[in-house]
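Letter by letter, the chains look like this.
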Amino acid sequence: MIDKDFFLGFIKVHILYHASKEEIYGVEILDELRRHGYSLSPGTLYPTLHLLEKQSCLKSRRETVNGKVRKYYSITPEGLEILEKSKIKIRELVEEVLE
Ligand SMILES: [Zn+2]
């Protein structure tokens, strides 16, 4: 599906943004993205989280919640830098496309 690839960049920005506000975990971010109209499957989200971690934009820790291991992600200094750069590009894009 073309949408998935095309919107993946937007989705990454959402993830970094929320991870910059508080720790996030998979199911929660799926709900948040659905609220924004992105119907994402866990099969797309989890590899994206792993990739962002591999690229040093996110870091994770594990915690056991109700007997299940949950992976919490938070933003790194590198992730914050990308997020700030994205904001500049988003502003420029909005000014042109939504004028
Ligand atoms: Zn959001």
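Residues numbered from 1 in each chain as written. Predicted model: local features only at pLDDT ≥ 70, side-chain atom pairs only at ≥ 80, totals over all residues. Heavy atoms only, no water.

## A word on a nonpolar patch on the surface
On the surface, a nonpolar cluster with roughly 550 Å² of combined accessible area is contributed by Phe10, Ile90, Leu93, Val94, Val97 and Leu98. Here the nonpolar patch gets four residues from one element, more than from any other, and that element is helix H4 (residues 77-97). Structurally, Val97 can be placed in helix H4. (Patch = residues over 30% accessible without salt bridge, like charges linked within 9 Å, V, L, I, M, F, W, Y side chains within 5 Å. Areas by Shrake-Rupley, 256 points an atom, 1.4 Å probe, with all protein chains shown as cover. Salt bridge = Lys/Arg side-chain N within 4 Å of Asp/Glu carboxyl O. Helix = DSSP H or I, 4+ residues; strand = E, 2+ residues; numbered from the N terminus.)

## Section: the coordination of the zinc ion
Distances from the zinc ion to its protein donors, namely His14 (ND1), His18 (NE2), Glu32 (OE) and His36 (NE2), fall within the range 2.1 to 2.7 Å. Coordination at the zinc ion comes from four donor atoms whose angles at the metal span 71 to 152°, giving a geometry best classed as irregular. Spacing between the donor residues of the zinc ion along their common chain follows H-x3-H-x13-E-x3-H. Residue His14 and its partner His18 are located together in helix H1 (residues 2-21), separated by four residues, close to a single helical turn. Comparing His14 with His18 shows no difference in burial state: the two are buried. (Donors = N, O, S within 2.8 Å, 3.2 Å for Na, K, Ca; no water. Tetrahedral: all angles 85-135°; square planar, octahedral: opposite > 155°, others 65-115°. Buried < 20%, exposed > 50% of the residue type's maximum accessible area, 1.4 Å probe, protein only.)

## A short note on a negative patch on the surface
On the surface, a cluster of negative charge is contributed by Glu92, Glu95, Glu96 and Glu99. One can find Glu92 in helix H4. (Lys, Arg positive; Asp, Glu negative; His and termini not counted. Charge placed at Lys NZ, Arg CZ, Asp CG, Glu CD.)

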